[in-house]
Amino acid sequence: MKHKIQILVLIFFLSPTTAFSCEEWTPQTPFPQGNTLYDIWGSSGMDVFAVGASGTVIRYNGTNWSTMTSNTTNQLNGVWGSSSTNVFAVGAGGKILHFNGTSWSTMSGGTLNTLNGVWGSSSTNIFAVGAGGMILRFNGTNWSTMSGGTLNTLNGVWGSSSTDVFAVGAGGMILRFNGTNWSTMSGGTLNTLYGLWGSSSTNVFAVGAGGMILHCTDLILTFSISGTVSGAVKSEVTMTLS
């Protein structure tokens, strides 16, 4: 009996628990506004920003959502920050907004191309991507244009570090930045990709049209294509990085 008790205790401690997981989605009402929202980012559970149509910016303080004055009517497609007092939003017409903890102000990015996504590794290394293959980089002072070697619209950007950044977009476009240059990667699909996220440089997911899901693993990158595109349930494309 003594041995049986020890085994049960071991199983209890090793088994995963869902006691504190998110198990139910509920609308937060009343809605602070009715415009479509396209992206969300937060520095903590007590400080969350969401952006959307007609220049909408709303903020959550852990209890309630409230509208913020963005001083623009341009659609905002992406939001990211390095802290609660250093938040960036991007959108239509090359619009870039910056929140300093008190108010939002417009920044010059030098483009009128619509921007769809924004991400940074720090407050002095931020990327924004958008229409026409547009890639902008912020160094803490100014935004500058980067060459990605494509005119395809880019919809999402994410990185594991300042020297390992991915961007995805139209026509299955996948770009990777190594700290110096952007290069094209093959994902084995022409489906437009809209978003990506990873836990590390060797575990990255991208999603897109037609239920497309790409998964990048290990240093010899394998993109697992899941879904029902063209009747394919799953296939793999492997490429070796130079």
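Residues numbered from 1 in each chain as written. Predicted model: local features only at pLDDT ≥ 70, side-chain atom pairs only at ≥ 80, totals over all residues. Heavy atoms only, no water.

**Observations concerning the sheet that holds strand β12 (residues 143–146)**
- As summarised here, the arrangement of the four strands in space is β9-β10-β11-β12, forming an open sheet in which the pairing is antiparallel. Each of the sheet's edge strands pairs with one partner strand only, and the pair in question is β9 (115–122) and β12. Across the sheet, the mean angle separating the axes of adjacent strands is 25° when strand polarity is ignored.
- Bridge count between β9 and strand β10 (residues 125–130): six bridges; the pairing is antiparallel. Bridged to Ser 122 within β10 is Asn 125. (Pairing = 2+ DSSP bridges. Helix = DSSP H or I, 4+ residues; strand = E, 2+ residues; numbered from the N terminus. Axes fitted to C-alpha atoms, helices over the stretch in contact; angles between N-to-C directions.)

**Topic: unusual backbone geometry**
- A positive phi angle, near 55°, is found at Ser 54, a position not held by glycine.
- Along the polypeptide, Ser 54 turns up in the loop between β2 (47–52) and β3 (57–60).
- In this structure, Asn 71 takes a positive phi of about 65° despite not being glycine.
- Its place among the elements puts Asn 71 in the loop between β4 (65–67) and β5 (76–83).

**Concerning the side chain of Asp 47**
- Here Asp 47 shows up in strand β2.
- Side-chain polar atoms of Asp 47 contact the side chain of Arg 59, separated by 2.7 Å.
- Not counting residues up to four positions away in its chain, the partners in contact with Asp 47 are Gly 42, Arg 59, Tyr 60 and Ser 84. (Polar contact = N/O pair within 3.5 Å; in protein donor to acceptor, adjacent residues only side chain to side chain. Contact = heavy atoms within 4.5 Å.)

**Examining the nonpolar core**
- Core analysis: the largest hydrophobic core is formed by 50 residues, its most contacted members being Phe 49, Phe 88, Trp 104, Phe 127, Trp 143 and Trp 182.
- Among all residues touching Phe 49, those that are not within four sequence positions of it are Asp 39, Ile 40, Trp 41, Ile 58, Arg 59, Met 68, Val 79, Ser 84, Val 87, Phe 99 and Trp 104. (Core = buried A, V, L, I, M, F, W, Y, C linked by side-chain atoms within 4.5 Å. Buried < 20%, exposed > 50% of the residue type's maximum accessible area, 1.4 Å probe, protein only.)

**What about the environment of Asn 116?**
- Within the secondary structure, Asn 116 is located in strand β9.
- When the C-alpha atoms of Asn 116 and Val 157 are compared, they prove to be 8.9 Å apart, with 41 residues separating the residues in sequence.
- Setting aside residues no more than four positions away along its own chain, Asn 116 makes contact with Asn 77, Gly 78, Val 90, Val 129, Gly 130, Ala 131, Thr 153, Leu 154 and Asn 155.
- Among the polar contacts made by the side chain of Asn 116, one reaches the side chain of Asn 77 at a distance of 3.4 Å.

**Let's talk about the confidence of the model for the protein chain**
- Residues of the protein chain with pLDDT of at least 70 account for 81%, and the chain-wide mean is 86.
- Across residues 1–18, confidence stays below pLDDT 50; counting only partners more than four residues off in sequence or on other chains, it has one contact.
- Scored below 50 in pLDDT, residues 228–242 makes 34 contacts in the model with residues more than four places away or belonging to other chains. (pLDDT = per-residue confidence, 0-100.)

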